[in-house]
Amino acid sequence: MSHKILVTQSSMPDLNEYVEEIRDIWDSHWLTNMGIKHQKLQEQLCSYLEVPNIELLTNGHMALELVIQAMNLKGEVITTPYTFASTTHAIVRNGLKPVFCDINPYDFTMDVSKIEELITDKTSAIIPVHVYGNVCNVEEISDIARKYGLKVIYDAAHTFGVKYKNKGIGNYGDASCFSFHATKVFNTIEGGAACFHNEAIGKKIYGLKNFGIRGPEEVDDIGTNAKMNEFCAAMGICNLRHIEDEIKKRKKVVECYLSNLAGVTGLQFNPKQTDVEPNYAYFPIIVDEEILDAVGIKCVMNLKKWIFVKKIFLSFNKCVWMLSGEFDINKTPIALRISKQVLTLPLYADLELQIVEKICEIIRKMKMG
Ligand SMILES: *Cc1c(COP(=O)(O)O)cnc(C)c1O
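This is a predicted model, so every value here is computed, not measured. Per-chain numbering applies: the sequence of each chain, read as written, is numbered from 1 onward. Totals for whole chains, interfaces and linings use every residue, but because this is a predicted model, local features are given only for residues with pLDDT of at least 70 and side-chain atom pairs only at 80 or more, for both listing and counting. Hydrogen atoms and water are omitted, and side-chain values are computed over all heavy atoms in the structure.

**Focus on the sheet that holds strand S9 (residues 192-196)**
By the convention used here, strands pair only if DSSP detects at least 2 bridges between them. We count a stretch as a helix when DSSP gives it H or I for four or more residues in a row; a strand needs E for two or more, and each element gets its number in order from the N terminus. One open sheet accounts for seven strands, arranged S1-S9-S8-S5-S4-S2-S3; its pairing is mixed. What marks the edges here is a single partner per strand, and that holds for strand S1 (54-57) and strand S3 (97-100). For this sheet, the mean angle separating the axes of adjacent strands, direction not counted, is 25°. Judged from the five bridges that link them, strand S8 (residues 175-179) and S9 form a sheet pairing that is antiparallel. Looking at S9, one finds that Phe178 is bridged to Ala193. Axis lines are fitted through C-alpha atoms, for helices just across the contact stretch, and the angle between N-to-C directions can take any value from 0 to 180 degrees.

Printed below as a string of structure tokens:
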């Protein structure tokens, strides 16, 4: 095998399909600023995700930043340390203080039994993450939020297309933020979206993503530039046509891993959650320290030169500002332990099953050696 196997590989439409989709941009010369492609993708996503309102943005991170800004949150926000750097950074860049709630060791989402003890009179919101595509305990979170008058914003970057109790995941909480980054289940090259119930929030985000400009001579907000351009929207329109097939292919890869790793002791897999229609976004394995050395597998695979595994999330205990700040990683021991034991194996729609089998074989041999 000559080509390298990375943890992920971006899904792309057939080149001709993309060329067809962007052809009319050459007639209109309309490249960005909420053009026809932007509008079309927005409508299609609203329908595919089954959400009441959606705003397209340059990326998932800006979705988080602008939703927080649009809701005018203050003080402290309860969030999870077990996530990509973006979640915490969106909170801090809005001048808010992140308060970290530990995760549960089963699906790695926020441990809802530990939220209430973190609530103070400064808390304004909860920002949980549907990590690896696993759905948070949305009912419990919503009950707590209602009891204390808090907003709930989901980082739904990993849950494109996921449904919970037959409802699009973007319907839960006050808002949900999706990422359409090249490495995600659905991509617009770079891109993201915010879904929300309150239309006023939508108007605010629409303004904020375009410098706060309301009309030809009115600027009524301190905005930024977070508009999705027409080429990215066109990529999204193409990729969305194939999304169901993509998710089906991902499912096959996951099933191949599970059958080939069945019976290997000391490995914990992503759970199959009840009432959840999954998207097979990631294939993390949690490796029992006593049986297998996570670093060991990583070294062996990387040494083979063609398979790369990654620690997602490595960032947790490596963020300089976390180490230098007030946050004590020992206060969230489960997140700390999982971040040490996790390895994310290659997973993408076109990953050949033969390679999956090979990866599993390496893991099984490691175990015996
Ligand atoms: C990818 C990701 C983001 C950020 O999305 P971008 O589109 O890359 O800005 C935020 N949160 C999580 C959990 C992610 O995985």
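**A look at the site of the ligand**
Here a residue is considered near a molecule or strand provided that any single heavy atom belonging to it is located within 4 Å of it. Of all residues adjacent to the ligand, which total 14 residues, the nearest are Gly60, Asp155, His158, Ser179 and Lys184. Counted as a polar contact is a pair of N or O atoms within 3.5 Å, where, for protein atoms, one must be capable of donating a hydrogen and the other of accepting one, and residues adjacent in sequence contribute only when both atoms are in side chains. The backbone of His61 places a nitrogen or oxygen atom 2.9 Å from an oxygen atom of the ligand. Within the side chain of His158, one N or O atom sits 2.7 Å away from an oxygen atom of the ligand. Looking at the shell around the ligand, the elements with two or more residues in it are helix H3 (60-70) and helix H4 (85-92).

**Things to note about a nonpolar patch on the surface**
Here, patches come from residues exposed beyond 30% relative accessible area and free of salt bridges, joined within 9 Å for like charges and within 5 Å for nonpolar side chains (Val, Leu, Ile, Met, Phe, Trp, Tyr). Using a 1.4 Å probe, the Shrake-Rupley method yields the accessible areas, and only the shown protein chains count as cover for residues. In what follows, salt bridge is the name for a side-chain nitrogen of Lys or Arg lying within 4 Å of a carboxyl oxygen of Asp or Glu. Residues Phe211, Ile213 and Val219 make up a contiguous nonpolar surface patch of about 270 Å² in total accessible area. In this structure, Val219 sits in strand S11 (residues 218-219). The class for Val219 is exposed, based on a relative accessible area of 59%. Each residue is assigned to one of three classes by its accessible area relative to the maximum for its type, calculated with a 1.4 Å probe on protein chains only: buried under 20%, partly exposed between the two thresholds, exposed over 50%.

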